[in-house]
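# Structure at a glance
These are the residues of each chain, in order.
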Amino acid sequence: MELLEAINSRRSVRSYTSAQVDKATIEKLLDAAVQAPSAMNSQPWAYAVIQNAALLKEYSDRTKQLLLASLDKFPQLNKYKAAFENPDFNIFYNAQSLVIIFAKPGSPNGTVDCCLAAQNFMLAAHSQNLGTCWIGFAQRFLSLAEIKEELGVPEEYEAVAPIIVGYPEVKPPAVPKKAPEILFWK
């Protein structure tokens, strides 16, 4: 798959088969992720992989509780209240794998660098006919000190990009994109 084709055809996938992505494939995607540029070549990323369905379901349920408790603080989430209250809704869309990109401290631009790594990861997955979706709902939960302790993640690391990856049940249709907004061209 050519690069521009991958960029133009990649979609967020929210429906997966029950097939597990094997370790070698995940490692290949992580190898692509670390090829991302980073400020001063700091490479401030660290990765965690969860392929335990019961743990993913537990973390989905706990995240939904956190989000429901935060509706007053983040009123823009109110449109998802019914989903958060639905015991059948899984924020990880029943994907079999979650890859979390953490930013290590001390980098001049760690969060942005991790976002670049995430894009590489998602494009590499797409090139292997895998689906991905960045699960923003999980970012705050995965950055909680107690969750990082449960997972063995250093407390000073910050969860930047929780990305589910798996074999898509269906290929999502293209979504119209806006033309670039060019502020100036001198």
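These notes cover the structure that comes with them.

Reading guide: rules and limits
Residues numbered from 1 in each chain as written. Predicted model: local features only at pLDDT ≥ 70, side-chain atom pairs only at ≥ 80, totals over all residues. Heavy atoms only, no water. Salt bridge = Lys/Arg side-chain N within 4 Å of Asp/Glu carboxyl O. Helix = DSSP H or I, 4+ residues; strand = E, 2+ residues; numbered from the N terminus. Buried < 20%, exposed > 50% of the residue type's maximum accessible area, 1.4 Å probe, protein only. Phe/Tyr/Trp six-rings, centres within 6.5 Å; stacked < 30°, edge-to-face > 60°. Lys NZ or Arg CZ within 6 Å of the ring centre and 35° of its normal. Pairing = 2+ DSSP bridges. Disulfide = S-S within 2.5 Å.

## Examining the pattern of salt bridges
Side-chain pairing between opposite charges can occur once the charged atoms of the two side chains come close. According to the stated counting rule, one finds six salt bridges in the structure shown. Across the pair R62 and E58 runs a salt bridge, and its minimum N-O distance is 2.9 Å. Of this pair, R62 and E58 both sit in helix α3 (residues 53–69), four residues apart, roughly one helical turn. Residue class for R62 comes out partly exposed when judged on its relative accessible area of 24%. With its nearest N and O atoms 3.8 Å apart, the salt bridge here joins K81 to E85. Separated by four residues within a single helix, K81 and E85 lie in helix α4 (residues 81–85), roughly one turn from each other. For E85, a relative accessible area of 47% corresponds to the partly exposed category.

## A few points about the packing of aromatic side chains
With the rule as written, the count across this model stands at five aromatic pairs. Centre to centre, the rings of Y59 and F141 are 5.2 Å apart; their planes meet at 70°, and the pair counts as edge-to-face. In this pair, Y59 sits in helix α3 while F141 sits in helix α6 (residues 139–142), placing the two residues 82 residues apart along the sequence. Residue Y59 shares its accessibility class with F141, and that shared class is buried. With a centroid separation of 5.1 Å and 80° between ring planes, the pair formed by F84 and F137 is classed as edge-to-face. Here the residue F84 occupies a position in helix α4, and F137 occupies one in the loop between β3 (131–134) and α6, the gap between them amounting to 53 residues. Through a chain of ring-to-ring contacts, the aromatic side chains of Y80, F84 and F137 assemble into a single cluster. Here K186 stacks its cationic end above the ring of F184, 5.3 Å away from the centre of that ring.

## A short note on the pairing of strand β2 (residues 97–103)
Where burial is concerned, most of β2 is hidden: seven out of the seven residues are buried. Along β2, one buried face is formed by S97, V99, I101 and A103 and the opposite face, lined by L98, I100 and F102, is buried too. Alignment of strand β1 (residues 45–50) against β2, held across six bridges, turns out to be antiparallel. The residue bridging V49 from the neighbouring strand is V99, located in β2.

## Quick notes on the state of the cysteines
Per the stated rule, a full pass over the model turns up zero disulfides. A disulfide-free cysteine, C114 has its sulfur positioned 7.2 Å from the sulfur of C115, the nearest such atom. Accessibility expressed as a relative area gives 0% for C114, which makes it buried.

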